[in-house]
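Structural overview for review
These are the residues of each chain, in order.
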Amino acid sequence: MTKMRVREALRAAMIEEMDRDPSVFLLGEEVGHYQGAYKVTEGMLAKFGATRVIDTPIAESGFAGLAIGAAMVGLRPIVEFMTWNFSSVAFDQIVNSAAKIRQMSGGQLHVPIVFRAPNGSARQVGSQHSHAMEHFYAHVPGLKCVAPATPADAYGMLKTAIRDDDPVLFFESETLYSLSGEVPDDPAFTVPFGQARVAREGADVSLISYSRVVHTCLEAADALAKQGIDAEVIDLRSLRPLDEAALVATVSRTHRAVVVHEGWPYGGVGAEIVDRVQRLAFDQLDAPVERVCFLDVPMPYNAALERLVIPQVDRVLEAVKTVTYAR
(Lines give C-alpha, C1' and ligand atoms only; values in the text may rest on other atoms or scores of the structure.)
Protein backbone atom coordinates (compact mmCIF):
# COMPACT_ATOMS: atom_id res chain seq x y z
CA MET A 1 0.00 0.00 0.00
CA THR A 2 1.15 3.53 -0.79
CA LYS A 3 -0.23 6.71 0.72
CA MET A 4 -1.50 9.03 -2.03
CA ARG A 5 -3.64 12.08 -2.41
CA VAL A 6 -6.72 11.75 -4.61
CA ARG A 7 -5.08 13.77 -7.41
CA GLU A 8 -2.04 11.47 -7.29
CA ALA A 9 -4.23 8.36 -7.34
CA LEU A 10 -6.09 9.63 -10.42
CA ARG A 11 -2.80 10.43 -12.14
CA ALA A 12 -1.36 7.01 -11.32
CA ALA A 13 -4.44 5.28 -12.74
CA MET A 14 -4.24 7.22 -16.01
CA ILE A 15 -0.49 6.70 -16.42
CA GLU A 16 -0.76 2.95 -15.79
CA GLU A 17 -3.63 2.57 -18.23
CA MET A 18 -1.84 4.62 -20.89
CA ASP A 19 1.26 2.46 -20.42
CA ARG A 20 -0.85 -0.68 -20.66
CA ASP A 21 -2.96 0.30 -23.66
CA PRO A 22 -1.65 2.56 -26.47
CA SER A 23 -5.22 3.36 -27.56
CA VAL A 24 -5.79 5.39 -24.38
CA PHE A 25 -5.14 9.12 -24.66
CA LEU A 26 -6.00 12.26 -22.70
CA LEU A 27 -7.38 15.55 -23.92
CA GLY A 28 -8.93 18.61 -22.36
CA GLU A 29 -8.42 22.12 -21.08
CA GLU A 30 -4.95 22.74 -19.60
CA VAL A 31 -4.13 19.03 -19.24
CA GLY A 32 -0.69 19.37 -20.86
CA HIS A 33 1.56 22.43 -20.56
CA TYR A 34 -0.25 23.78 -17.50
CA GLN A 35 -0.12 20.29 -15.88
CA GLY A 36 -3.87 20.26 -15.26
CA ALA A 37 -6.14 22.89 -13.74
CA TYR A 38 -5.93 20.97 -10.44
CA LYS A 39 -2.52 19.39 -11.19
CA VAL A 40 -4.06 15.94 -11.69
CA THR A 41 -2.20 15.52 -15.01
CA GLU A 42 1.16 16.84 -13.80
CA GLY A 43 4.07 15.33 -15.76
CA MET A 44 1.90 13.44 -18.22
CA LEU A 45 2.73 15.59 -21.25
CA ALA A 46 6.45 15.06 -20.68
CA LYS A 47 5.94 11.31 -20.35
CA PHE A 48 3.56 10.66 -23.25
CA GLY A 49 4.05 13.58 -25.61
CA ALA A 50 1.61 15.90 -27.38
CA THR A 51 -0.04 13.15 -29.45
CA ARG A 52 -1.42 11.43 -26.35
CA VAL A 53 -1.82 14.37 -23.95
CA ILE A 54 -3.63 17.04 -25.93
CA ASP A 55 -4.36 20.59 -24.82
CA THR A 56 -7.67 21.81 -26.24
CA PRO A 57 -9.27 25.24 -26.61
CA ILE A 58 -12.06 26.17 -24.22
CA ALA A 59 -14.59 24.56 -26.55
CA GLU A 60 -16.22 21.69 -24.69
CA SER A 61 -18.72 20.79 -27.39
CA GLY A 62 -15.95 20.56 -29.98
CA PHE A 63 -13.44 18.43 -28.12
CA ALA A 64 -16.14 16.23 -26.56
CA GLY A 65 -17.46 15.51 -30.04
CA LEU A 66 -13.96 14.85 -31.37
CA ALA A 67 -13.32 12.39 -28.54
CA ILE A 68 -16.62 10.58 -29.10
CA GLY A 69 -15.69 10.13 -32.76
CA ALA A 70 -12.26 8.81 -31.76
CA ALA A 71 -13.90 6.32 -29.40
CA MET A 72 -16.21 5.09 -32.16
CA VAL A 73 -13.22 4.12 -34.32
CA GLY A 74 -11.33 2.20 -31.64
CA LEU A 75 -9.48 4.66 -29.39
CA ARG A 76 -10.11 5.15 -25.67
CA PRO A 77 -10.20 8.87 -24.87
CA ILE A 78 -10.11 10.36 -21.39
CA VAL A 79 -11.75 13.79 -21.57
CA GLU A 80 -11.03 16.26 -18.78
CA PHE A 81 -13.35 19.23 -18.38
CA MET A 82 -12.04 22.03 -16.20
CA THR A 83 -15.23 21.46 -14.16
CA TRP A 84 -18.38 19.42 -14.73
CA ASN A 85 -20.28 22.70 -14.76
CA PHE A 86 -18.74 23.45 -18.16
CA SER A 87 -19.91 20.10 -19.55
CA SER A 88 -23.33 21.68 -20.03
CA VAL A 89 -21.86 23.22 -23.20
CA ALA A 90 -21.26 19.64 -24.43
CA PHE A 91 -24.58 18.29 -23.17
CA ASP A 92 -25.81 17.45 -26.67
CA GLN A 93 -22.63 15.53 -27.49
CA ILE A 94 -22.75 13.49 -24.28
CA VAL A 95 -26.50 12.84 -24.13
CA ASN A 96 -27.45 12.63 -27.80
CA SER A 97 -24.27 10.99 -29.13
CA ALA A 98 -22.16 9.16 -26.55
CA ALA A 99 -25.13 7.75 -24.63
CA LYS A 100 -27.12 6.54 -27.63
CA ILE A 101 -24.72 5.34 -30.32
CA ARG A 102 -24.44 1.77 -29.06
CA GLN A 103 -28.20 1.23 -29.11
CA MET A 104 -28.84 3.22 -32.28
CA SER A 105 -26.18 1.22 -34.15
CA GLY A 106 -27.63 -2.08 -32.97
CA GLY A 107 -24.49 -2.80 -30.97
CA GLN A 108 -22.18 -2.35 -33.95
CA LEU A 109 -20.49 0.70 -32.42
CA HIS A 110 -19.21 1.25 -28.89
CA VAL A 111 -18.08 4.46 -27.23
CA PRO A 112 -15.31 3.56 -24.74
CA ILE A 113 -14.80 7.05 -23.35
CA VAL A 114 -14.30 8.59 -19.91
CA PHE A 115 -15.42 12.12 -19.12
CA ARG A 116 -13.90 13.33 -15.86
CA ALA A 117 -13.81 16.61 -13.92
CA PRO A 118 -14.38 18.15 -10.48
CA ASN A 119 -18.05 18.32 -9.54
CA GLY A 120 -20.30 19.94 -6.97
CA SER A 121 -19.37 22.58 -4.44
CA ALA A 122 -15.89 23.97 -3.96
CA ARG A 123 -15.18 27.05 -1.87
CA GLN A 124 -16.56 30.41 -2.94
CA VAL A 125 -16.52 29.76 -6.68
CA GLY A 126 -20.03 31.08 -7.30
CA SER A 127 -23.20 29.48 -8.58
CA GLN A 128 -21.98 28.78 -12.12
CA HIS A 129 -19.11 26.65 -10.80
CA SER A 130 -20.94 24.80 -8.02
CA HIS A 131 -23.52 22.62 -9.76
CA ALA A 132 -23.79 18.94 -8.81
CA MET A 133 -24.07 17.74 -12.40
CA GLU A 134 -24.40 14.00 -11.72
CA HIS A 135 -28.15 14.42 -11.30
CA PHE A 136 -28.58 15.51 -14.91
CA TYR A 137 -26.52 12.70 -16.40
CA ALA A 138 -27.62 9.82 -14.17
CA HIS A 139 -31.08 10.29 -15.69
CA VAL A 140 -29.80 9.19 -19.10
CA PRO A 141 -29.70 5.50 -20.14
CA GLY A 142 -26.40 4.59 -21.76
CA LEU A 143 -24.23 6.58 -19.35
CA LYS A 144 -22.46 5.14 -16.31
CA CYS A 145 -21.98 7.64 -13.47
CA VAL A 146 -19.50 7.14 -10.62
CA ALA A 147 -18.29 9.39 -7.78
CA PRO A 148 -15.41 8.15 -5.57
CA ALA A 149 -14.77 9.48 -2.07
CA THR A 150 -11.30 8.02 -1.31
CA PRO A 151 -7.91 7.80 -3.05
CA ALA A 152 -8.20 4.01 -3.39
CA ASP A 153 -11.60 4.26 -5.05
CA ALA A 154 -10.44 7.13 -7.27
CA TYR A 155 -7.58 4.91 -8.46
CA GLY A 156 -9.49 1.65 -8.83
CA MET A 157 -12.66 3.13 -10.30
CA LEU A 158 -10.83 5.25 -12.87
CA LYS A 159 -9.02 2.16 -14.12
CA THR A 160 -12.36 0.37 -14.39
CA ALA A 161 -13.79 3.36 -16.26
CA ILE A 162 -10.96 3.48 -18.79
CA ARG A 163 -11.35 -0.23 -19.53
CA ASP A 164 -15.14 -0.02 -19.92
CA ASP A 165 -16.55 -0.26 -23.45
CA ASP A 166 -19.31 2.28 -22.72
CA PRO A 167 -19.29 5.97 -21.72
CA VAL A 168 -18.36 6.57 -18.09
CA LEU A 169 -18.85 9.93 -16.38
CA PHE A 170 -16.38 10.29 -13.53
CA PHE A 171 -17.37 12.86 -10.91
CA GLU A 172 -14.51 14.07 -8.71
CA SER A 173 -14.71 16.54 -5.83
CA GLU A 174 -12.41 19.54 -6.01
CA THR A 175 -12.33 19.60 -2.21
CA LEU A 176 -11.04 16.00 -2.06
CA TYR A 177 -8.05 16.34 -4.41
CA SER A 178 -5.69 16.77 -1.44
CA LEU A 179 -7.26 14.02 0.66
CA SER A 180 -4.69 11.33 1.52
CA GLY A 181 -5.27 7.61 1.89
CA GLU A 182 -3.81 4.17 1.23
CA VAL A 183 -3.84 2.90 -2.36
CA PRO A 184 -2.94 -0.71 -3.31
CA ASP A 185 0.45 -1.23 -5.00
CA ASP A 186 -1.13 -3.38 -7.69
CA PRO A 187 -1.60 -2.21 -11.29
CA ALA A 188 -4.30 -4.88 -11.65
CA PHE A 189 -6.36 -3.41 -8.81
CA THR A 190 -9.76 -2.18 -9.94
CA VAL A 191 -13.03 -1.31 -8.20
CA PRO A 192 -16.16 -2.63 -9.96
CA PHE A 193 -19.11 -0.38 -10.64
CA GLY A 194 -22.42 -0.99 -8.90
CA GLN A 195 -20.93 -2.03 -5.56
CA ALA A 196 -21.35 0.28 -2.58
CA ARG A 197 -18.93 0.35 0.36
CA VAL A 198 -19.77 0.26 4.07
CA ALA A 199 -17.60 3.14 5.27
CA ARG A 200 -18.68 2.65 8.89
CA GLU A 201 -20.82 -0.07 10.45
CA GLY A 202 -23.76 0.85 12.65
CA ALA A 203 -27.06 -0.39 14.01
CA ASP A 204 -29.40 2.60 14.55
CA VAL A 205 -29.55 4.64 11.34
CA SER A 206 -28.08 4.50 7.82
CA LEU A 207 -26.40 7.60 6.39
CA ILE A 208 -26.33 7.02 2.62
CA SER A 209 -24.04 9.22 0.55
CA TYR A 210 -21.27 9.47 -2.04
CA SER A 211 -18.27 11.62 -2.97
CA ARG A 212 -17.29 14.50 -0.65
CA VAL A 213 -20.35 14.24 1.56
CA VAL A 214 -19.36 10.74 2.71
CA HIS A 215 -16.84 12.51 4.93
CA THR A 216 -19.55 14.81 6.27
CA CYS A 217 -21.53 11.69 7.17
CA LEU A 218 -18.53 10.15 8.92
CA GLU A 219 -18.15 13.31 11.00
CA ALA A 220 -21.84 13.20 11.81
CA ALA A 221 -21.55 9.53 12.81
CA ASP A 222 -18.77 10.43 15.28
CA ALA A 223 -20.98 13.14 16.77
CA LEU A 224 -23.96 10.78 16.96
CA ALA A 225 -21.89 8.15 18.75
CA LYS A 226 -21.37 10.61 21.59
CA GLN A 227 -25.16 10.86 21.83
CA GLY A 228 -25.59 7.09 21.97
CA ILE A 229 -26.74 6.71 18.33
CA ASP A 230 -24.83 4.15 16.25
CA ALA A 231 -24.84 5.33 12.63
CA GLU A 232 -23.86 3.25 9.63
CA VAL A 233 -22.32 5.16 6.70
CA ILE A 234 -22.78 3.85 3.16
CA ASP A 235 -20.58 5.16 0.36
CA LEU A 236 -22.48 4.41 -2.85
CA ARG A 237 -19.44 5.06 -5.09
CA SER A 238 -21.49 4.20 -8.18
CA LEU A 239 -24.70 6.12 -8.99
CA ARG A 240 -25.57 4.37 -12.22
CA PRO A 241 -25.47 1.40 -11.88
CA LEU A 242 -26.79 1.72 -8.33
CA ASP A 243 -26.22 -0.97 -5.69
CA GLU A 244 -29.82 -1.73 -4.70
CA ALA A 245 -28.77 -4.77 -2.65
CA ALA A 246 -26.58 -2.55 -0.44
CA LEU A 247 -29.48 -0.15 0.14
CA VAL A 248 -31.78 -2.97 1.21
CA ALA A 249 -29.08 -4.55 3.36
CA THR A 250 -28.24 -1.40 5.31
CA VAL A 251 -31.88 -0.49 5.95
CA SER A 252 -32.52 -4.08 7.04
CA ARG A 253 -29.81 -3.61 9.67
CA THR A 254 -30.75 -0.15 10.94
CA HIS A 255 -34.43 0.33 9.92
CA ARG A 256 -33.88 4.08 9.39
CA ALA A 257 -32.19 6.04 6.63
CA VAL A 258 -30.98 9.55 5.84
CA VAL A 259 -29.77 10.26 2.30
CA VAL A 260 -27.10 12.97 2.18
CA HIS A 261 -25.85 14.44 -1.09
CA GLU A 262 -24.96 17.60 -2.93
CA GLY A 263 -27.48 18.88 -5.45
CA TRP A 264 -30.89 20.49 -5.27
CA PRO A 265 -33.83 18.80 -3.51
CA TYR A 266 -36.18 18.58 -6.51
CA GLY A 267 -35.60 15.27 -8.30
CA GLY A 268 -32.11 13.89 -8.76
CA VAL A 269 -30.04 11.01 -7.41
CA GLY A 270 -31.13 11.54 -3.79
CA ALA A 271 -34.80 11.28 -4.72
CA GLU A 272 -34.02 8.13 -6.71
CA ILE A 273 -32.32 6.54 -3.70
CA VAL A 274 -35.26 7.40 -1.45
CA ASP A 275 -37.65 5.87 -3.97
CA ARG A 276 -35.69 2.63 -4.16
CA VAL A 277 -35.33 2.31 -0.39
CA GLN A 278 -39.04 2.87 0.21
CA ARG A 279 -40.08 0.49 -2.59
CA LEU A 280 -37.56 -2.30 -2.01
CA ALA A 281 -37.23 -2.15 1.78
CA PHE A 282 -40.52 -0.61 2.90
CA ASP A 283 -41.25 -3.34 5.46
CA GLN A 284 -37.84 -2.78 7.05
CA LEU A 285 -38.37 0.92 7.70
CA ASP A 286 -39.41 2.23 11.11
CA ALA A 287 -39.57 5.85 9.85
CA PRO A 288 -39.83 7.71 6.54
CA VAL A 289 -36.51 8.34 4.79
CA GLU A 290 -35.09 11.83 5.27
CA ARG A 291 -32.91 13.74 2.81
CA VAL A 292 -30.19 16.36 3.35
CA CYS A 293 -28.97 18.24 0.26
CA PHE A 294 -28.35 21.75 -1.09
CA LEU A 295 -30.97 24.31 -0.26
CA ASP A 296 -33.16 25.06 -3.28
CA VAL A 297 -31.23 28.14 -4.43
CA PRO A 298 -28.30 28.95 -6.74
CA MET A 299 -25.06 28.66 -4.78
CA PRO A 300 -24.14 31.99 -3.10
CA TYR A 301 -20.61 33.34 -3.34
CA ASN A 302 -20.68 34.68 0.23
CA ALA A 303 -18.91 32.14 2.46
CA ALA A 304 -21.45 32.22 5.30
CA LEU A 305 -24.39 31.83 2.94
CA GLU A 306 -22.56 29.12 1.00
CA ARG A 307 -22.13 27.13 4.20
CA LEU A 308 -25.88 27.36 4.85
CA VAL A 309 -26.66 25.91 1.42
CA ILE A 310 -24.20 22.95 1.51
CA PRO A 311 -25.01 19.87 3.67
CA GLN A 312 -23.28 20.22 7.04
CA VAL A 313 -22.96 17.94 10.04
CA ASP A 314 -25.58 19.86 12.03
CA ARG A 315 -28.20 19.32 9.31
CA VAL A 316 -27.41 15.59 9.21
CA LEU A 317 -27.84 15.42 12.98
CA GLU A 318 -31.23 17.13 12.73
CA ALA A 319 -32.36 14.63 10.09
CA VAL A 320 -31.24 11.73 12.25
CA LYS A 321 -33.23 13.13 15.18
CA THR A 322 -36.28 13.15 12.91
CA VAL A 323 -35.97 9.50 11.82
CA THR A 324 -35.10 8.27 15.32
CA TYR A 325 -37.88 10.33 16.94
CA ALA A 326 -35.25 11.79 19.28
CA ARG A 327 -36.65 15.32 19.32
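Residues numbered from 1 in each chain as written. Predicted model: local features only at pLDDT ≥ 70, side-chain atom pairs only at ≥ 80, totals over all residues. Heavy atoms only, no water.

**Brief notes about the pattern of salt bridges**
Inclusion rule: A side-chain nitrogen of Lys or Arg and a carboxyl oxygen of Asp or Glu constitute a salt bridge if their distance falls within 4 Å. Only DSSP runs of H or I reaching four residues or more are called helices, and only runs of E reaching two or more are called strands; each is numbered from the N terminus. Under the scheme applied here, a residue whose accessible area is under 20% of the maximum for its type counts as buried, over 50% as exposed, and between as partly exposed, the area being computed with a 1.4 Å probe on protein chains only.
All chains considered together, the criterion is met by 23 salt bridges. Of the charged contacts in the structure, one is a salt bridge between Arg102 and Asp166, with a shortest N-O distance of 2.6 Å. Residue Arg102 is located in helix α5 (residues 101–104), and its partner Asp166 is located in the loop between α7 (151–163) and β7 (168–173); the two are separated by 64 residues in the primary sequence. Judged by relative accessible area, Arg102 falls into the partly exposed class, the value being 38%. Taking the relative accessible area as the measure of exposure, Asp166 reaches 14% and is therefore buried. Salt-bridge contacts for Asp164 lead to Lys144; the nearest nitrogen and oxygen are separated by 2.8 Å.

**A word on α7**
Selection criterion: Here, expected helix span is obtained from the residue count minus one, scaled by 1.5 Å.
Across its 13 residues, α7 extends 19 Å between first and last C-alpha, which sits within 8% of the 18 Å expected from 1.5 Å per residue. Counting buried positions along α7 yields 12 of 13 residues, so the element is predominantly enclosed. Every buried residue belonging to α7 is among Pro151, Ala152, Asp153, Ala154, Tyr155, Gly156, Met157, Leu158, Lys159, Thr160, Ala161 and Ile162, and all of these are buried.

**Considering a nonpolar patch on the surface**
Rules: Each patch is built from residues lacking any salt bridge and having more than 30% relative accessible area; the joining distance is 9 Å for like charges and 5 Å for nonpolar side chains (Val, Leu, Ile, Met, Phe, Trp, Tyr). Values of accessible area rely on a 1.4 Å probe in the Shrake-Rupley scheme; residue burial ignores everything except the protein chains shown.
Taken together, Leu295, Val297, Leu305 and Leu308 make up a surface patch of nonpolar side chains, about 330 Å² in accessible area. With respect to the element layout, Val297 can be found in the loop between β14 (290–292) and α11 (303–309). On the accessibility criterion, Val297 (35% relative accessible area) is partly exposed.

**So, empty space enclosed by the protein**
Heads up, the rule is: Think of a 1 Å grid over just the protein atoms. A cavity is a set of points where a 1.4 Å probe fits yet cannot get out, a pocket is an open set with protein on both sides within 12 Å along at least five of seven lines, and lining residues have an atom within 4 Å of a point. Grid points are joined across faces, edges and corners, and a volume is the space filled by probe spheres set on the points. In this classification, Asp, Glu, Lys and Arg are treated as charged, Ala, Val, Leu, Ile, Met, Phe, Trp, Tyr, Cys and Pro as nonpolar, and every other residue, Gly included, as polar.
Inspection of the entire model under this criterion finds 3 cavities of 30 Å³ or more. Around the largest cavity, the lining is made up of 14 residues, and of these Asn119, Glu134, Tyr210, Ser211 and Glu262 lie nearest the centre. With 3 residues, β7 is the single largest residue contributor to the lining of the largest cavity. Across the lining of the largest cavity, the residue classes tally to 5 nonpolar, 5 polar and 4 charged. Here the second largest cavity is characterised by a volume of approximately 50 Å³.

**Describing the sheet that holds strand β12 (residues 238–240)**
Inclusion rule: In short, DSSP must find at least two bridges between two strands for them to pair. With axes taken as lines fitted to C-alpha atoms, and helix axes fitted only over the stretch in contact, angles between N-to-C directions fall between 0 and 180 degrees. Residue contacts follow a heavy-atom distance rule, with two residues in contact if any of their heavy atoms lie within 4.5 Å.
Spatial ordering of the open sheet is given by β3-β2-β4-β5-β7-β6-β12, a layout of 7 strands whose pairing is mixed. Among the strands making up the open sheet, the edge pair consists of β3 (53–55) and β12. With direction set aside, neighbouring strand axes in the sheet form an average angle of 20 degrees. In the sheet, strand β6 (residues 144–146) pairs with β7 via 3 bridges, with the strands oriented parallel. Bridge pairing in β7 places Val146 opposite Phe170. Docked against the sheet, α7 engages β2 (24–28), β4 (76–80), β5 (114–119), β6, β7 and β12, running at close to 160 degrees with respect to β7.

**Considerations on the packing of helix α3 (residues 60–72) against helix α4 (residues 91–98)**
What counts is decided by this rule: Should an angle lie under 35 degrees it is considered roughly parallel, over 145 roughly antiparallel, and from 65 to 115 roughly perpendicular; all remaining angles are considered oblique.
Across the interface, α3 lies against α4 with an axial gap of 8 Å and an inter-helix angle of 25 degrees. Overall, the two elements α3 and α4 adopt an arrangement that is roughly parallel. Between α3, through Ser61, Ala64, Gly65 and Ile68, and α4, the contact on the second element is made entirely by Gln93, Ile94, Ser97 and Ala98. Looking at the contact of α3 with α4, its residues break down into 4 nonpolar, 4 polar and no charged.

**Side note on the layout of surface pockets**
Quick note on the threshold: Boundaries of every domain are those given by an automatic assignment or by a domain database.
In this structure, the largest pocket spans a volume of roughly 360 Å³. Surrounding the largest pocket, 17 residues form its lining, Arg123, Thr175, Arg212, Ile310 and Gln312 being those nearest its centre. Broken down by secondary-structure element, the contributors of at least two residues to the lining of the largest pocket are α8 (213–226) and α11. Here the lining of the largest pocket is built from residues that sort into 7 nonpolar, 5 polar and 5 charged. Counting contributing residues per domain, the lining of the largest pocket is built from domain 1 (2–183) and domain 2 (197–323), each supplying no fewer than three. Taken as a whole, the second largest pocket holds about 230 Å³ of empty space. In terms of lining, the second largest pocket is formed by His135, Ala138, His139, Leu239, Arg240, Pro241, Leu242, Gly268, Val269, Glu272 and Arg276. Broken down by secondary-structure element, the contributors of at least two residues to the lining of the second largest pocket are β12 and α10 (268–280).

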